[in-house]
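One letter stands for each residue in the lines below.
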Amino acid sequence: IDPSATVDAGPMQTICAGNTVTLAGLIGGSATTSAWTGGTGTFNPDANTLNAVYTPSAAEVTAGIVTLTLTTNDPAGVCN
C-alpha cells in the first residue's frame, strides 16, 4: 500500500518586530520533499528545510502579517 502524501505547516505563530521565527513543518506518507513559499523575508538555511528560521522583511514587519505555505511532492510510488 502506497500511503498518501501529508503535510502540516505547524501552528500559527506570533513574534515581535525584529525577531525571527523557527518554522515547524512536518511531512509524511509518501512525501519526500517540501518547500516553504510566500513571504518576502529569508529562510535559513533555505526554504526546503522543514524547521527553517524565517526572518520577516521590513515590508512584512510594517504590514504586521505574513503567510507562509508549506507544500510537498506527491510521488506516484509503485502504484498507478
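Focus on the overall build of the protein chain
On a plain count of helices and strands, the protein chain comes out with 1 helix and 7 strands. Ordered by position in the sequence, the α and β elements of the protein chain form the string β-β-β-β-β-β-α-β. Relative to the compact-globule value of 12 Å for 80 residues, the protein chain shows a C-alpha radius of gyration of 15 Å, a clear excess of over 25%. Counting every position in the protein chain, which comprises 80 residues, the buried fraction comes to 22%. Across the protein chain, contacts joining residues at least 24 apart in sequence account for 56% of those joining residues at least 6 apart.

Here we look at the packing of aromatic side chains
Per the stated rule, a full pass over the model turns up 1 aromatic pair. Note on Phe43 and Tyr54: the rings are 4.8 Å apart at their centroids and 55 degrees apart in plane angle, and the pair reads as tilted. On the criterion of sequence distance, the pair formed by Phe43 in strand β5 (residues 42-44) and Tyr54 in strand β6 (residues 53-55) is long-range, its members being 11 residues apart. Taken as a pair, Phe43 and Tyr54 share a single burial class, namely buried.

Details of unusual backbone geometry
Along the chain, Asn44 connects to Pro45 via a cis peptide bond; the corresponding omega equals 10 degrees. Tracing the backbone shows Pro45 in the loop between β5 and β6.

Calculation notes
Residues numbered from 1 in each chain as written. Predicted model: local features only at pLDDT ≥ 70, side-chain atom pairs only at ≥ 80, totals over all residues. Heavy atoms only, no water. Helix = DSSP H or I, 4+ residues; strand = E, 2+ residues; numbered from the N terminus. Rg over C-alpha atoms; globule rule 2.2 N^0.38 Å. Buried < 20%, exposed > 50% of the residue type's maximum accessible area, 1.4 Å probe, protein only. Contact = heavy atoms within 4.5 Å. Phe/Tyr/Trp six-rings, centres within 6.5 Å; stacked < 30°, edge-to-face > 60°.

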